[in-house]
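Read off the chains here:
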Amino acid sequence: MTPRLFLIFLPLFAVFVSCNNQDQPLMITQEINTGWEFSQAGENNWNPATVPGCVHTDLMAIGEIEDPFYRLNEHDVQWVDKLDWEYKTNFELSKSRLKKDRLAFDFKGLDTYADIYVNGEKLRSTDNMFREYLVDAKEFLIEGSNEIKIVFHSPIKEGIKKYDANEFEIPVSENDLAEIGQVEGNKKVSVYTRKAGYHFGWDWGPRLVTSGIWRPVYLKAWDNARIDNVQIVQHDVSDTVATFTSVVEAESENNTTGTLEIWNDDKLLASAKISLTKGKNKSSVDFSIKNPELWWTNGLGDQPLYSITTRLILRSGSVEKTERIGIRTLELVRDKDEKGTSFYFKLNGVPVFMKGANYIPNDLFLPRISDKMYRNVIETSKKSNFNMLRVWGGGVYEKDLFYDLCDEAGIIVWQDFMFACAMFPGDDDFLNNVKEEAADNVKRLRNHPSIGLWCGNNEILAAWEQWGWKKAEEAKNKEAADKIWKAYEDIFHKILPEAVEKYDPARSYWSSSPSSGTGIPSDLINGDEHYWGVWWGKEPFKNYATHIARFMSEYGFQSFPELKTVKQYATPEDFNILSEVMKSHQRSSIGNETIEYYMLKDYKKPKDFESFLYVNHGLQAEGIKFAIEGHRRAMPYCMGSLYWQINDCWPVASWSSTDYYQRWKALQYYAKKGFEPVLVSPYIDGNFLKIGIVSDKLQPIEGQLNLRMVDFNGEVVWEKSVLASIPPNSSASYFDVNRFDFLRDKDSKTQVLITELIENGKIIASNQFYFRPVKELKLPKPTVEYKINEAEGGFEIVLSTDLLAKNLFMTIGDEEGFFTDNYFDVMPNEKVKIKLETSISKDKLVEVFTIQTMDGAF
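All of these numbers come straight from a predicted model, not from anything done at the bench.

(A) Molecular detail of the side chain of Thr193. Among the structural elements, Thr193 can be located in the loop between α4 (155-165) and β11 (212-213). Using a relative accessible area of 1% as the deciding quantity, one classes Thr193 as buried. Ignoring sequence-local partners within four residues, the contact set of Thr193 consists of Thr112, Tyr113 and Pro155.

Structure (structure tokens):
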């Protein structure tokens, strides 16, 4: 080669190498999830461990403890949280990997007091279950085999140290089950540890205080730079274009230049040249999306999602991060009106009534919650016409999958910060820990279109101002009470709202649920409300229709799970609500007696335990139906109804609508109907019978309201039709009559009012109304006939009856399956078709299929 040709070739070769290098990934990530062992600290008795996992599930796996959910086993494993535990594993590291500029462990979740060692050298300690920790490790790593060890200190022992060091006792609710936990002096230590509050017990959950590596561990190796975080900031949205800024936080190992590119799938949206300095950098790139499709909540429209990839390109390679966004406007509207202050969510310019439930973690042992379980609970929410879930503040900030599923399903998330039913410390270390926790989680979740609201805490303001805590603490020590309240203000009026303003300013912050504003107790006319007069106050179900705030964010009623579930945690000898096992799986201090109190007001005494469970399901469902319909009729004064609660964290009697195994109770079926886009709702208002119609639809409805009084033999004894012009997004009464005049020539013991709303010849909403409680009805003994037809994914069940079959309940023994409807009334002269989704054979179905109706329960 001549010198001249060589000189020409060299620049071309350099360009080729440069372009080729830009395609090389700067970041290599390895999950450390194999070969883990655990031992009680200092015992050197190593056994296999699962990571992610926790010490209780690892102890179960080796047979050291029995399932704490079964019978009374919970009480026998309280020693576990008093000990320290060690986890370790080895991993290989190549010479080339070791040459990377940086190597760091990315701990997505350590529960909770942990010391991290690599090859015998301590890297750091952690003390917050809710935080992520990126820990540099290069100087401690070697080529070949490396050991990582994590020592977890007892959260109880650490909590006792802090409890004893504090100059006064911090108020905590009775949900901290220190007595069951066998804590010395029954000290309630939960508030001192940034850890899921429900692990220490709740009035629906066990006391099992875990330790362990509860979320994944990664070893990250990179050269030159990494992207730490990307925020997609939405600006203006029109029919033709939506404008955004990608705000990129990157860490560089040196001073350099590069290019930021913004991609939507395979389409380049924007690029910009940037300069990076050694250390942390923040850069921005503006971009737009043409003809944007808006993201809507479930029932109002579709949920189009855009994958936005931010790519940082340097001469030596590239690194990228993808965020999925939905294009929508969402605001919490707090306007003064003639009654107080509004509290509603406006989505894409439309006021939306929020329908849904409160959500707790799906298991006490968080790492064993499968992706399928997450999908089931969100699928249940979507099927049930929900558009909101409230992630309650005594659990955890959920994993990314939960929010991804909510994005896809059109479910808005009311996101509590993790504080509930207790006051908290106010020392600098604790407050700084909270500040970092808030930053971690707001930044992690802020790009999800499903995130609708950040809320500071659950019921702490109510406890201080309305449960008597403030008065009691001031009576004991005014100076200590002032310090307790200052800690509250520091966390909920400063640190958390400042975090939201700094990292997610487009969203609203609500300091406490329930409340009427920052530091202002709830009052029904200015904010949200938790109504527990029904249940704790033993007030009648009818009060649900009058005790209504601008937004009902909690209310509920209990039931046991169905018999199939009870069999999984109890034996037949336990099948009595007064047995020790049933009392242990009932954590409300007034639980079983309150269920029975309400039951005997409306029903006769069930004949046996199985019938008690069945009637209890009906009781719970009917009570919450009363609430849901009352709240929706009160629109637009009331603009949200979230019952407590959709799920359970163990098999238990609770307020849930699906049990621990995600089986639908009667309440879930009733909620599905109560939250349908169009609701027809018969109700009594003083001396009047009224028929309300509620529509969430954004189009008007020209319909016909058909009313019939039908006796239990199926004979129509009265009927009337009313034309109904229903405006979009509205609630109004379309029929009212003096109820005494109406019933003068009718028998309310043997007749039911059936209401149907017809549009274009189709029933778009229907409901039934009994004028008396079940115990006063003259229920017939029906003969229910059924036919089983094979169908895709299961079977079609065709039902008919000669007489009213009230609250017809179908079961398939201990087999698994899902009925698309259940616990419903079947009238004579009608056929009802229900889909059973199951994998069992037809022969097996015929063998196990049973039907229960209310008349046979007493």
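(B) Geometry of the sheet that holds strand β17 (residues 279-290). With antiparallel pairing, three strands are arranged side by side in an open sheet as β13-β14-β17. What marks the edges here is a single partner per strand, and that holds for β13 (225-237) and β17. Averaged over neighbouring strand pairs, the angle between their axes works out to 20° when direction is ignored. Looking at chain direction, β13 and strand β14 (residues 241-252) are connected through ten bridges and run antiparallel. Counterpart to Val237 in the pairing with β14 is Ala242.

(C) Structural detail: the sheet that holds strand β33 (residues 701-711). The four strands are arranged β34-β33-β36-β37 in an open sheet whose pairing can be described as antiparallel. Whereas interior strands pair on both sides, the edge strands pair on one side only; in this sheet they are β34 (716-726) and β37 (762-769). The mean angle between the axes of side-by-side strands here comes to 20°, regardless of whether they run parallel or antiparallel. Pairing of strand β36 (residues 751-759) with β37, which is carried by seven bridges, proceeds in the antiparallel orientation. The residue bridging Glu756 from the neighbouring strand is Ser766, located in β37.

(D) Region of interest: the confidence of the model for the chain. A residue-level look at the chain finds 97% of positions with pLDDT of 70 or above and a mean pLDDT of 96. Long-range and interchain partners of residues 1-19, a stretch whose pLDDT sits below 50, account for two contacts in this model, where long-range means more than four residues apart.

(E) Geometry of the packing of aromatic side chains. Within this structure, the stated rule accounts for 65 aromatic pairs. Aromatic pair Phe424 and Phe430: ring centres 6.2 Å apart, planes at 25°, arrangement stacked. With respect to burial, Phe424 and Phe430 carry one shared label: buried. Ring centres of Phe541 and Phe557 lie 5.4 Å apart, and the angle between their planes is 75°; this geometry places the pair in the edge-to-face category. Highlighted residues: Phe541 in the loop between β28 (528-530) and β29 (551-554) and Phe557 in the loop between β29 and α11 (563-566), separated in sequence by 16 residues. Taken together, Tyr531, Trp532, Trp535, Phe541, Tyr544, Tyr555, Phe557, Tyr597, Tyr598 and Trp655 form an aromatic cluster joined through their ring pairs. The residue whose ring lies beneath Arg194 is Phe419, and the NZ or CZ to ring-centre distance is 4.0 Å.

(F) Inspection of the packing of helix α5 (residues 371-383) against helix α6 (residues 400-409) at higher detail. Viewed as axis vectors pointing N to C, α5 and α6 meet at an angle of 30°, and their least axial separation amounts to 10 Å. Considering their axes alone, α5 and α6 lie roughly parallel with respect to each other. Between α5 and α6 lies a crossing of right-handed hand. Judged by residue contacts, Asp371, Tyr374, Arg375, Ile378 and Lys382 of α5 engage Leu401, Phe402, Leu405, Cys406, Glu408 and Ala409 from α6.

(G) Up close: the packing of helix α9 (residues 469-476) against helix α10 (residues 478-503). For the pair α9 and α10, the least separation of the axes is 6 Å and the interaxial angle reads 140°. It follows from the interaxial angle that α9 and α10 lie oblique. Together, Glu473, Glu474 and Lys476 of α9 and Lys478, Ala481 and Ile484 of α10 make up the contact between the two elements. The residue makeup of the contact of α9 with α10, split by class, is two nonpolar, no polar and four charged.

(H) A look at a positive patch on the surface. A cluster of like positive charges, contributed by Lys787, Lys831, Lys833 and Lys842, occupies part of the molecular surface. On the secondary structure map, Lys787 appears in strand β38 (residues 784-791).

(I) Spatial organisation of the pairing of β14. In terms of burial, β14 is a largely internal element, ten of the twelve residues being buried. Sheet topology places β14 next to β17; twelve bridges connect them, and they run antiparallel. Its bridge partner being in β17, Val247 is matched across the sheet by Ser284.

What counts as what
- Residues numbered from 1 in each chain as written.
- Predicted model: local features only at pLDDT ≥ 70, side-chain atom pairs only at ≥ 80, totals over all residues.
- Heavy atoms only, no water.
- Helix = DSSP H or I, 4+ residues; strand = E, 2+ residues; numbered from the N terminus.
- Buried < 20%, exposed > 50% of the residue type's maximum accessible area, 1.4 Å probe, protein only.
- Contact = heavy atoms within 4.5 Å.
- Pairing = 2+ DSSP bridges.
- Axes fitted to C-alpha atoms, helices over the stretch in contact; angles between N-to-C directions.
- pLDDT = per-residue confidence, 0-100.
- Phe/Tyr/Trp six-rings, centres within 6.5 Å; stacked < 30°, edge-to-face > 60°.
- Lys NZ or Arg CZ within 6 Å of the ring centre and 35° of its normal.
- Parallel < 35°, antiparallel > 145°, perpendicular 65-115°, else oblique.
- Left-handed = near helix turned anticlockwise from the far one by under 90°.
- Nonpolar A, V, L, I, M, F, W, Y, C, P; charged D, E, K, R; others polar.
- Patch = residues over 30% accessible without salt bridge, like charges linked within 9 Å, V, L, I, M, F, W, Y side chains within 5 Å.
- Areas by Shrake-Rupley, 256 points an atom, 1.4 Å probe, with all protein chains shown as cover.
- Salt bridge = Lys/Arg side-chain N within 4 Å of Asp/Glu carboxyl O.
- Lys, Arg positive; Asp, Glu negative; His and termini not counted.
- Charge placed at Lys NZ, Arg CZ, Asp CG, Glu CD.

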